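Take a look at the letters that make up each chain.
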Amino acid sequence: MELRERAQQILNMNWRNGYTVPSQKLYPFQWNWDSGFIAIGYAAMQNEQYFWQEIEYLIKGQWQNGFLPHIIYHNEEKYRDQYFPNADVWASSISGDAPESVKTSGIAQPPVLAFALQRGLRHLQSYDQERLRTILPSVAQLQSFYRNTRNSQGAISIYHPWESGMDNSPLWDFPLQHIGELQKWHHLRRDLEKVDDPSMRPTHKDYDAYLTLVDHLKTCNYDPETIRKKYPFQVKDILASAFFIAGEQSLAEMQRSLDIPTNTATDVDWQKMFHDPTSDDTLPYHNYDVCNRKFLPLECPYALFFLLTDHVSDQYKQQVNTFLQQHQQKMSEYPYPNLHASVYPWSAKFVPNCYWKGPMWININWTIYCGLKKHGLTKWSTKIREQILKIVDEQGFYEYFHPISGEGLGADNFSWTAALVLDLLNDTNE
Ligand code: 9WN
């Protein structure tokens, strides 16, 4: 069967009458950034109905203050025993802002919505403008939430490893050492019984830390002001910032297309906020731990995410070129030398089959692809596109891939892998 047809089948299989689960076994609800990627896939299939519904169901979980949680627990009663943490753990109702009609988590994920919405619209041959007009105020409210509560000149703070989408990346090792005593929660986990190899998943200690942070957030009643003053995990994150800034641009363009006034931020110098003056890396940009006042260097593709926005200098683009040349050389003995691992194989922190500590993820590589193409670095974007399509064709629609052997790992029939393949199959004009 053709790659396109296989991808479409996966999305149709994971569709749940309004939203799409990331994978059948492991993740039974709607996830925030997954949904953004998945909606793009429906648009690339010209399935306008599913495209709008995916986004509308996501927005059902939005809080009154604009915050958009990372999990929307649709059909919560039916699946509550299938996933941990379930909705009760979050007790999101302690915030007066949480919706009553559906239960949600109390943390976010990279704010991809505005960017994904616009990218999806570009795929659709025609679309219902009134439906866009109805959705845009929620998207604007989400961007305002970030602008007003998480932002420092375009650098966005995240409050939990899960908010990064890259849950157990070594990026969080240092800040997690400073969150105080860990509570024991890991005995409640459900994920380990659903995977073939538990060593691919985060450790028990990771889970204890994740849930200890949730306890802290509940103590703050999920109130942004209280969190900012008292909460122990606050990291300025390049990926979240990249999607926020790109989202500002996407939102402004969509608003203008409908003659809606816009007040998005344009004068950001956010790359400066991540510049580590002590680093001698080719790309000297790192996440920043606000609570412990420390940059968090790691050999990983983080510094490439700036490309998603307009706000990059020519000097930076040259540095990117050099960085990618070095990367290709170091990867030359592996089967997919232009794909980026979540932690590079030459890092002391690299674990090739463990989740966000080494494996290659399609959404990360697709994000880098979009950025490179946006800035005309097509020599590299073309290679990433080819190799994403090749690895999925050869190995299957997996959640992540072993960077050295290329083997597919984690959940099979993974929704965003399918959706982003559909995006790339349509995106042929280099
Ligand atoms: C916690 C759904 C999500 C992705 C994340 C990925 C994983 C959840 C988990 O699955 O996280 O949010 O239970 O491990 O890390 O990026 O959105 O696919």
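Once a new chain begins, its residue numbering starts again from 1 and follows that chain's sequence as written. Thresholds applied to this predicted model are a pLDDT of at least 70 for local features of residues and 80 or more for the giving and counting of side-chain atom pairs; totals over whole chains, interfaces and linings are not thresholded and use all residues. Note: side-chain values were computed over all heavy atoms of the structure, leaving out hydrogens and water.

- UniProt positions are given in the numbering used here, feature names are shortened, and annotations may be inferred rather than shown by experiment. Its UniProt record, at the heading Sequence similarities (unreviewed entry), says of the chain: "Belongs to the glycosyl hydrolase 63 family."

### Description of the pattern of salt bridges
Working step 1: By definition here, a salt bridge exists when the distance from a side-chain nitrogen of Lys or Arg to a carboxyl oxygen of Asp or Glu is within 4 Å. The full count for this structure, using the stated rule, is 20 salt bridges.
Working step 2: The residue Asp-427 makes a salt bridge to Arg-119 at a minimum N-O spacing of 3.0 Å. Note that Asp-427 is positioned in the segment after α17 (415–426) and Arg-119 in helix α6 (residues 113–123), a separation of 308 residues in sequence.
Working step 3: Buried residues are those whose accessible area, probed at 1.4 Å on protein chains only, stays under 20% of the maximum for their type, while exposed residues exceed 50% and partly exposed ones sit between those limits. Residue Asp-427 is classed as buried on the basis of its relative accessible area, which comes to 12%.
Working step 4: Ionic pairing is found between Lys-229 and Glu-225, a salt bridge with its closest N-O pair at 3.8 Å. Here Lys-229 pairs with Glu-225, and both are found in helix α11 (residues 224–230), just four residues apart, close to one helical turn.
Working step 5: Take Lys-229: its relative accessible area is 66%, and that puts it in the exposed class.
Working step 6: Using a relative accessible area of 37% as the deciding quantity, one classes Glu-225 as partly exposed.
Working step 7: It is possible to trace a salt-bridge network through shared partners that takes in Glu-76, Arg-80, Asp-88 and Lys-103. Only DSSP runs of H or I with at least four residues qualify as helices, and only runs of E with at least two residues qualify as strands; both kinds are numbered from the N terminus onward.

### Thoughts on the packing of helix α2 (residues 32–44) against helix α15 (residues 362–374)
A packed helix pair is summarised by two numbers, namely the angle formed by the two axes and the spacing between the axes.
Working step 1: Interaxial angles span 0 to 180 degrees and are taken between N-to-C directions of axes, which are lines fitted to C-alpha atoms, for helices over the stretch in contact. Relative orientation of the contacting elements α2 and α15 amounts to 65°, with a least axis distance of 12 Å. For the pair α2 and α15, the sense of crossing is left-handed. Between α2 and α15, the contacting residues are Trp-33, Phe-37 and Ile-40 on the first element and Asn-363, Ile-364 and Trp-366 on the second.
Working step 2: Three classes are used, and their members are as follows: Ala, Val, Leu, Ile, Met, Phe, Trp, Tyr, Cys and Pro are nonpolar, Asp, Glu, Lys and Arg are charged, and the others, Gly among them, are polar. In terms of residue class, the contact of α2 with α15 is built from five nonpolar, one polar and no charged. Definitions for this section: a left-handed crossing has its near helix turned counterclockwise from the far helix by less than a right angle. A right-handed crossing has that turn clockwise. We call two residues contacting when some pair of their heavy atoms lies within 4.5 Å.

### Quick look at the site of the ligand
Working step 1: Nearness is defined per residue: one heavy atom within 4 Å of the molecule or strand is enough. Within the structure, the ligand sits among 17 residues, and Asp-34, Tyr-83, Gly-165, Asp-167 and Tyr-355 are positioned closest to it.
Working step 2: Computed by Shrake-Rupley with a 1.4 Å probe, the accessible areas treat only the displayed protein chains as cover when residues are assessed. Alone, the ligand offers 410 Å² of accessible surface; in the complex the protein occludes 100% of this.
Working step 3: Each residue belonging to the shell around the ligand can be placed in one class, and the counts come to 11 nonpolar, three polar and three charged.

### Comments concerning the sheet that holds strand β7 (residues 287–289)
Working step 1: Reading across from one edge, β4-β5-β6-β7-β8 is the order of the five strands in this open sheet, with antiparallel pairing throughout. Whereas interior strands pair on both sides, the edge strands pair on one side only; in this sheet they are β4 (151–152) and β8 (294–296).
Working step 2: Relative to β8, β7 runs antiparallel, the two sharing three bridges. Bridge assignment links Asp-289 to a residue of β8, and that residue is Lys-294.
Working step 3: Its contacts with the sheet place helix α12 (residues 238–257) against β5 (155–158), β6 (235–236) and β7, and it is angled at close to 130° to β5. In this analysis, strands are considered paired if DSSP registers two or more bridges between them.

### Examining the sheet that holds strand β2 (residues 71–73)
Working step 1: In spatial order, the strands read β1-β2-β3; together these three strands make up an open sheet with antiparallel pairing. This sheet does not close on itself; its edge strands, each paired only once, are β1 (30–31) and β3 (103–104).

### Points about the nonpolar core
Working step 1: In terms of nonpolar packing, the biggest core is built from 151 residues, with Phe-51, Leu-117 and Trp-366 touching the most fellow members.
Working step 2: Tallying contributions element by element places α12 first for this core, with 10 residues.
Working step 3: Ignoring anything within four residues of it in the chain, the contact list for Phe-51 reads Ala-39, Tyr-42, Ala-43, Leu-117, Gly-120, Leu-121 and Leu-124. Among buried residues, those of type Ala, Val, Leu, Ile, Met, Phe, Trp, Tyr and Cys that are joined through side-chain atoms within 4.5 Å constitute a nonpolar core.

### Remarks on the environment of Arg-133
Working step 1: Within the secondary structure, Arg-133 is located in helix α7 (residues 129–149).
Working step 2: Note: C-alpha distance between Arg-133 and Phe-233 (100 residues apart in sequence) is 37 Å.
Working step 3: Setting aside residues no more than four positions away along its own chain, Arg-133 makes contact with Leu-258 and Ile-260.

### Thoughts on the packing of aromatic side chains
Each aromatic ring pair is characterised by the separation of its centres together with the angle its planes make.
Working step 1: Only the six-membered ring of Trp is used, alongside the rings of Phe and Tyr, when aromatic pairs are assigned; centres must lie within 6.5 Å, and planes under 30 degrees apart are stacked while those over 60 apart are edge-to-face, with the rest tilted. On inspection of all chains with the given rule, the structure shows 47 aromatic pairs.
Working step 2: Ring centres 6.4 Å apart and planes at 70° place the aromatic pair Tyr-27 and Phe-414 in the edge-to-face group. Placement of the pair is Tyr-27 in the loop between α1 (3–14) and β1 and Phe-414 in the loop between β10 (408–409) and α17, with a sequence separation of 387 residues.
Working step 3: Judged by relative accessible area, Tyr-27 falls into the buried class, the value being 6%.
Working step 4: On the basis of an interplanar angle of 65° and a centroid distance of 6.4 Å, the ring pair of Trp-52 and Tyr-127 is categorised as edge-to-face. One end of the pair, Trp-52, is in helix α3 (residues 48–59); the other, Tyr-127, is in the loop between α6 and α7, and 75 residues separate them in sequence.
Working step 5: Two thresholds decide whether a charge sits over a ring: the Lys NZ or Arg CZ must be within 6 Å of the ring centre and within 35 degrees of the ring normal. Residue placement shows Lys-60 over the ring face of Tyr-57; its charged tip is 4.5 Å from the ring centre.
Working step 6: Seen from the ring of Tyr-159, Arg-150 lies directly overhead, with NZ or CZ sitting 4.0 Å from the centre.

### Some thoughts on the side chain of Asn-365
Working step 1: Summarising the element assignment, Asn-365 is placed in helix α15.
Working step 2: Residue class for Asn-365 comes out buried when judged on its relative accessible area of 1%.

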